[in-house]
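# Descriptive structure summary
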Amino acid sequence: MDRIRIVGGNKLNGTISISGAKNAALPLMIAALLTEETLILDNVPRLADVAQLQRILGNHGVDIMSAGKRSGDREYQGQTLHISAADIIDTTAPYELVSRMRASFWVIAPLIARMHEARVSLPGGCAIGTRPVDLLIMALEKLGADISIDGGYVVAKAPGGLRGADIAFPKVTVSGTHVALMAATLAKGTSVITNAACEPEVTDVADCLNKMGGRITGAGTPCIIVEGVDRLHGARHTVLPDRIEAGTYAMAVAMTGGEVQLSGARPELLQSALDVLCEAGATVSVNNDGIRIGRNGAGLRPVKVATAPFPGFPTDLQAQLMALMTCADGASVITETIFENRFMHVQELARFGARISLDGETATIRGIDRLRGAPVMATDLRASVSLVIAGLAAEGETMVNRVYHLDRGFERLEEKLSACGASIERIRD
Ligand code: EPZ
């Protein structure tokens, strides 16, 4: 398995182009199952998760063509996918495929909505917590699906099609909102989704569904109204920029010092993280091209942060912030409220000499002057990139093992960082 070698200590200076958002691209690709016409998605990041979802959709009979750059495209424009689900040949999503990527469970929504049946493997446990799908099932049942569990599979049937319903989520769930939204677009009548997730990726999917002929209002607020339509048609949509990737590089610059332009980043998608970075001593300015982040001279100040659904501080930036705070001048407190077990990076950050203590869902980080490089490894995507951030600032060499996780969610990570002066290389095994 590939590894990443970093020699820490270099400041980051230059420009980083922000890619399309993984967590929007995945549900957008899945939404293509809702129509027999072609959905064209621009700015899709080249990531292992996207490739894996292409395989999963292929299993249902979906044709996907990846187009190269078009004239006028920025140098680092993501790929364009032409996705055609004209003939769905199989409504089963098998364990071997779903267990590799949780988001693939979401195919259950378009399959039951359009084909009136689906058989999708339960995704199983995952490195960041138990992550049940009970609320996704609740949403589909409200819409009239008959659901049973058989041999580890969720079997959903709706012989007469889905019917609009009121779906009130007891807690904010991105996956639940995506599933409810996709399923309700082809249901008969009106659905009202309350306590809906307000994440920008949900809004992006709703925008795309509307381009496909859906009738959705309120996406981006806690109350989404979906008037079901008989059929959806093809459309063309550009995936929004990745706020987590932008936030990650912003944390990296705050960690190493220097100044970097995050080209294509949209500040309104990560305001809470930018506020925390300012509080920690970074300078943030917004310009026509994106966000400029820097830290020159000033030390890092400790912060107190709790993760929360959008527009709160994202759980997907919690590990990166923790890496940053290992070198703050004082004690920081970070509370994880979304996933109960998202602290695997704590043990690995300790290998750099970081001083972190855990008490339930709260971590206290006592800043030290300097981290020291170490061999490290993490078992999820954001935890892995927090180790890269630590390595960039640490004295000496860091070897990040199991790079597979980084490839799931960060496009050309080494290339983007080394172009800004980092000493980082991939070692292929
Ligand atoms: C999405 O996961 C993202 N994944 C995650 O990104 C992100 O961390 C998370 O939202 C929160 O923002 C994708 O978009 C592909 P949830 P999701 O449903 O949708 C509980 C990354 O690194 N819950 O909002 O699975 C759940 O256990 C990843 O890119 C139930 O209890 O998250 C969690 O505690 C990892 N029952 C909370 O809700 C359910 O049926 C929020 O989960 C569903 C969820």
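Look up a bit, the structure's there.
Before going into details, it helps to say that this report is about the structure given with it.

Another point: helix H6 (residues 174-185). Between its first and last C-alpha, H6 extends 17 Å over 12 residues, near the 16 Å set by a 1.5 Å rise per residue. The element H6 is largely enclosed, with a buried count of 10 among its 12 residues. Among the residues of H6, Gly 176, Thr 177, His 178, Val 179, Ala 180, Leu 181, Met 182, Ala 183, Ala 184 and Thr 185 are the ones counted as buried.

Once that is clear, we can look at unusual backbone geometry. Glycine aside, residues mostly have negative phi, and peptide bonds are mostly found in the trans state. In this chain, Phe 310 is followed by Pro 311 through a cis amide linkage whose omega measures 10°. With a phi close to 55°, Asn 195 is a non-glycine residue in the positive phi region. One non-glycine residue with positive phi stands out, namely Arg 402, at about 55°. Its relative accessible area of 36% is what places Arg 402 among the partly exposed residues.

Our next topic: the packing of aromatic side chains. Counted under the stated rule, the structure contains 0 aromatic pairs. Positioned above the aromatic ring of Tyr 153, the side-chain terminus of Arg 119 is 4.1 Å from the ring centre.

Looking now at the packing of helix H4 (residues 108-115) against H6. Contact geometry of H4 with H6 gives a least axis separation of 8 Å together with a crossing angle of 15°. In terms of orientation, H4 lies roughly parallel with respect to H6. Pair H4 / H6 crosses with right-handed handedness. Mapping the contact onto sequence places Ala 109, Pro 110 and Ala 113 in H4 and Val 179, Met 182 and Ala 183 in H6.

What follows covers the site of the ligand. Taken together, 23 residues sit near the ligand, with Val 174, Ser 175, Asp 316, Ile 338 and Arg 382 positioned nearest. Within the side chain of Asn 23, an N or O atom sits 3.1 Å from an oxygen atom of the ligand. One of the backbone nitrogen or oxygen atoms of Ile 338 is found 2.5 Å away from an oxygen atom of the ligand. Relative to its free-state accessible area of 830 Å², the ligand is covered by the protein chains to the extent of 89%. Only helix H1 (22-31), helix H5 (134-142), H6 and helix H12 (381-393) provide two or more residues apiece to the shell around the ligand. Sort the elements by how many residues they give to the shell around the ligand and H5 lands first, with 3 residues.

So, how was this worked out
- Residues numbered from 1 in each chain as written.
- Predicted model: local features only at pLDDT ≥ 70, side-chain atom pairs only at ≥ 80, totals over all residues.
- Heavy atoms only, no water.
- Helix = DSSP H or I, 4+ residues; strand = E, 2+ residues; numbered from the N terminus.
- Expected span 1.5 Å × (residues − 1).
- Buried < 20%, exposed > 50% of the residue type's maximum accessible area, 1.4 Å probe, protein only.
- Phe/Tyr/Trp six-rings, centres within 6.5 Å; stacked < 30°, edge-to-face > 60°.
- Lys NZ or Arg CZ within 6 Å of the ring centre and 35° of its normal.
- Axes fitted to C-alpha atoms, helices over the stretch in contact; angles between N-to-C directions.
- Parallel < 35°, antiparallel > 145°, perpendicular 65-115°, else oblique.
- Left-handed = near helix turned anticlockwise from the far one by under 90°.
- Contact = heavy atoms within 4.5 Å.
- Near = heavy atom within 4 Å.
- Polar contact = N/O pair within 3.5 Å; in protein donor to acceptor, adjacent residues only side chain to side chain.
- Areas by Shrake-Rupley, 256 points an atom, 1.4 Å probe, with all protein chains shown as cover.

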